[in-house]
Amino acid sequence: QQPVQSPQAVILREGEDAVINCSSSKALYSVHWYRQKHGEAPVFLMILLKGGEQKGHDKISASFNEKKQQSSLYLTASQLSYSGTYFCGTGEDDKIIFGKGTRLHILP
Amino acid sequence: DTGVSQDPRHKITKRGQNVTFRCDPISEHNRLYWYRQTLGQGPEFLTYFQNEAQLEKSRLLSDRFSAERPKGSFSTLEIQRTEQGDSAMYLCASRGEMNTEAFFGQGTRLTVV
């Protein structure tokens, strides 16, 4: 079953922060985050495998709350290059089921 | 390694025709996935292979769709008797192990007229 992402779209000014949420009605075993720019392939950001795990690189980080069956992606001090659509995916039987995405637009 | 490559990048076909797409995964990756993506939606799982074995096919997938990975290397996705609703971006991804990064190809954009 497809995870649910919120919000559907975000518009920020450069330097502002954003949070993208991903929730599932089923138990979560792993959460995958990808970013896709217009006309390009999705690009891997990070994967979280354990409840309570937090990961990050540069100014993008994520957390995984296994009990609540949800994950959040945090973008701090956003840059123009962060624009794109962010997808969370849930690991299910060796495949990734993706949500509908959150469109992020950064204004200069 | 040049990453995952897909061919063709674009395909325009008339309704009712058959089309075939090819995906060359990263060479050491034994897992290969096909997804379909329409405008404003996330990638929708179609099917996947571990080596040459097709392990799962989406229940939503019409029997007009078939995929092969004959030698556990490249894969083909065929759509028979195409319909306008088949118009989409078809993405291929590969990875080496479960719960690792999946690498996506640039996709094949299919337009059925």
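What you see is a predicted model, and the numbers here were worked out from it, not measured in a lab.

Caption draft 1: Fine view of the packing of aromatic side chains. Scanning the model with the defined rule gives 13 aromatic pairs over all chains in all. Geometrically, the ring pair formed by phenylalanine 98 of chain A and tyrosine 35 of chain B is edge-to-face, given 5.5 Å between the ring centres and 70 degrees between the ring planes. You can see phenylalanine 98 of chain A sitting in strand 10 (residues 95-98) and its partner tyrosine 35 of chain B sitting in strand 4 (residues 31-37), one on each of two chains. Tyrosine 35 of chain B matches phenylalanine 98 of chain A in its accessibility class, with the two residues each being buried. Measuring from ring centre to ring centre gives 6.1 Å for tyrosine 35 of chain B and phenylalanine 45 of chain B, while their planes differ by 75 degrees; the resulting arrangement is edge-to-face. Here phenylalanine 45 of chain B lies in strand 5 (residues 44-50) and tyrosine 35 of chain B lies in strand 4, a separation of ten residues in the sequence. Owing to a relative accessible area of 7%, phenylalanine 45 of chain B belongs among the buried residues under this scheme. An aromatic cluster is defined as three or more aromatic residues linked by ring pairs; in this entry it consists of Tyr34, Phe44, Phe87 and Phe98 of chain A together with Tyr33, Tyr35, Phe45, Tyr48 and Phe104 of chain B. The ring of phenylalanine 45 of chain B has lysine 95 of chain A sitting right over it, with the charged end atom 5.5 Å from the ring centre. Lying over the aromatic face of phenylalanine 74 of chain B, arginine 22 of chain B brings its terminal NZ or CZ to 3.9 Å of the ring centre.

Caption draft 2: Expanded view of the sheet that holds strand 7 (residues 65-68) of chain B. Residue and element names in this part refer to chain B. Across the sheet, four strands lie side by side as 1-3-8-7; this open sheet has antiparallel pairing. Looking at strand neighbours, the two that pair on one side only are strand 1 (5-7) and strand 7, the edges of this open sheet. On average, adjacent strands in this sheet sit at an angle of 15 degrees to one another, irrespective of strand direction. Summarising the sheet, strand 3 (residues 19-24) and strand 8 (residues 75-79) pair through five bridges and their orientation is antiparallel. Each residue of the ladder has a partner; that of phenylalanine 21, found in strand 8, is leucine 77.

Caption draft 3: Representation of the side chain of threonine 85 of chain A within the structure. Position of threonine 85 of chain A among the secondary structure elements: in strand 9 (residues 84-92). In contact with threonine 85 of chain A, not counting residues within four places along its chain, are Tyr34, Arg35, Gln36, Gly101, Thr102 and Arg103 of chain A.

Caption draft 4: Seen up close, the sheet that holds strand 1 (residues 4-6) of chain A. Residues and elements named next belong to chain A. As summarised here, the arrangement of the five strands in space is 1-3-8-7-6, forming an open sheet in which the pairing is antiparallel. Of all the strands in the sheet, just strand 1 and strand 6 (54-57) have a single pairing partner and so form its edges. Here the strands of the sheet are splayed against their neighbours by 15 degrees on average, with no regard to which way each runs. Direction of pairing for strand 6 relative to strand 7 (residues 60-65): antiparallel, over a ladder of four bridges.

Caption draft 5: Molecular detail of the state of the cysteines. Residues and elements named next belong to chain A. Scanning the model with the defined rule gives two disulfides over all chains in all. Here cysteine 22 connects covalently by a disulfide to cysteine 88, the sulfurs 2.0 Å from one another. Looking down the S-S bond of the cysteine 22 and cysteine 88 bridge, the torsion is 70 degrees, so its handedness is right-handed. Here cysteine 22, found in strand 3 (residues 18-23), pairs with cysteine 88, found in strand 9; they are 66 residues apart in sequence, far enough to count as distant. This pair shows no difference in class: cysteine 22 is buried, exactly as cysteine 88 is.

Caption draft 6: Structural detail: the interface of chain A and chain B. Taken together, the contact between chain A and chain B spans 20 residues of the former and 22 residues of the latter. When chain A packs against chain B, the two sides together hide about 1,700 Å² of surface, and 53% of this comes from carbon and sulfur. Per-residue buried area on chain A facing chain B is highest for Asp94, Lys95 and Phe98 of chain A; these three make up 34% of the total on that side. In this assembly, chain A and chain B are joined by three salt bridges. Linking arginine 95 of chain B and aspartate 94 of chain A is a salt bridge whose minimum nitrogen-to-oxygen distance equals 3.5 Å. Between chain A and chain B we count nine residue pairs in polar contact (both at pLDDT 80 or more) in total. Listed by contribution, the elements that provide at least two residues to the side of chain A that touches chain B are strand 4 (31-36), strand 5 (43-48) and strand 10 of chain A. The element that contributes the greatest number of residues to the side of chain A that touches chain B is strand 10 of chain A, accounting for four residues.

Definitions and limits used
Residues numbered from 1 in each chain as written. Chains lettered and ligands numbered in written order. Predicted model: local features only at pLDDT ≥ 70, side-chain atom pairs only at ≥ 80, totals over all residues. Heavy atoms only, no water. Phe/Tyr/Trp six-rings, centres within 6.5 Å; stacked < 30°, edge-to-face > 60°. Helix = DSSP H or I, 4+ residues; strand = E, 2+ residues; numbered from the N terminus. Buried < 20%, exposed > 50% of the residue type's maximum accessible area, 1.4 Å probe, protein only. Lys NZ or Arg CZ within 6 Å of the ring centre and 35° of its normal. Pairing = 2+ DSSP bridges. Axes fitted to C-alpha atoms, helices over the stretch in contact; angles between N-to-C directions. Contact = heavy atoms within 4.5 Å. Disulfide = S-S within 2.5 Å. Buried area = accessible area lost by both parts, 1.4 Å probe. Salt bridge = Lys/Arg side-chain N within 4 Å of Asp/Glu carboxyl O. Polar contact = N/O pair within 3.5 Å; in protein donor to acceptor, adjacent residues only side chain to side chain.

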